[in-house]
Amino acid sequence: MKNQIMTNFNELADHYEDHALKVFERQQDFWSDDEDMLDMFEGDYNDHLTVAHFVRQGLLDKARHYLWRMDTAAREECPDRVYDVLYPDHV
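Enquirer: Quick rundown of the packing of helix α2 (residues 35–56) against helix α3 (residues 60–69)? Include the residues and the values.
Expert: How two helices pack is summed up by the angle between their axes together with the distance between the axes. Viewed as axis vectors pointing N to C, α2 and α3 meet at an angle of 165°, and their least axial separation amounts to 7 Å. Accordingly, the angle class assigned to the pair α2 and α3 is roughly antiparallel. Crossing of α2 against α3: the hand is left-handed. For the pair α2 and α3, the contacting residues are D47, T50, V51, F54 and V55 in the first and L60, K62, A63, Y66 and L67 in the second. The residue makeup of the contact of α2 with α3, split by class, is 7 nonpolar, 1 polar and 2 charged.

Enquirer: Any chance you could break down α2 for me, citing the residues and the numbers?
Expert: Between its first and last C-alpha, α2 extends 31 Å over 22 residues, near the 32 Å set by a 1.5 Å rise per residue. Along α2, the residues that are buried comprise L38, F41, D44, Y45, H48, V51, A52, F54 and V55. Contacts made by the buried residues of α2 are with α1 (9–30), α3, α4 (72–75) and α5 (80–86). Capping the start of α2, D34 holds a side-chain oxygen 3.3 Å from the backbone nitrogen of D36, two or three residues further along. Just downstream of α2 lies G58, where phi reads positive at about 75°.

Rules used in this analysis
Residues numbered from 1 in each chain as written. Predicted model: local features only at pLDDT ≥ 70, side-chain atom pairs only at ≥ 80, totals over all residues. Heavy atoms only, no water. Axes fitted to C-alpha atoms, helices over the stretch in contact; angles between N-to-C directions. Helix = DSSP H or I, 4+ residues; strand = E, 2+ residues; numbered from the N terminus. Parallel < 35°, antiparallel > 145°, perpendicular 65-115°, else oblique. Left-handed = near helix turned anticlockwise from the far one by under 90°. Contact = heavy atoms within 4.5 Å. Nonpolar A, V, L, I, M, F, W, Y, C, P; charged D, E, K, R; others polar. Expected span 1.5 Å × (residues − 1). Buried < 20%, exposed > 50% of the residue type's maximum accessible area, 1.4 Å probe, protein only. Polar contact = N/O pair within 3.5 Å; in protein donor to acceptor, adjacent residues only side chain to side chain.

Quick look at the structure:
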């Protein structure tokens, strides 16, 4: 029998949202006088919240698809804990 790790998707999504907010706040501080960069990072933050929403709902295929379509730099901000659940073969 194959062992399965039980995942609390609400906790995982909370972790992702907290991480995304910290990254966004750090970017806001660094790029505070560049409106175009701030707009881009706000879009990235909203993309992360969308992925977190799919994770919270247990819609991992949608979360994977949405994450994969994100800009590479933004995608790399996905926390390892979340990435490992979305891509278990990667672990």
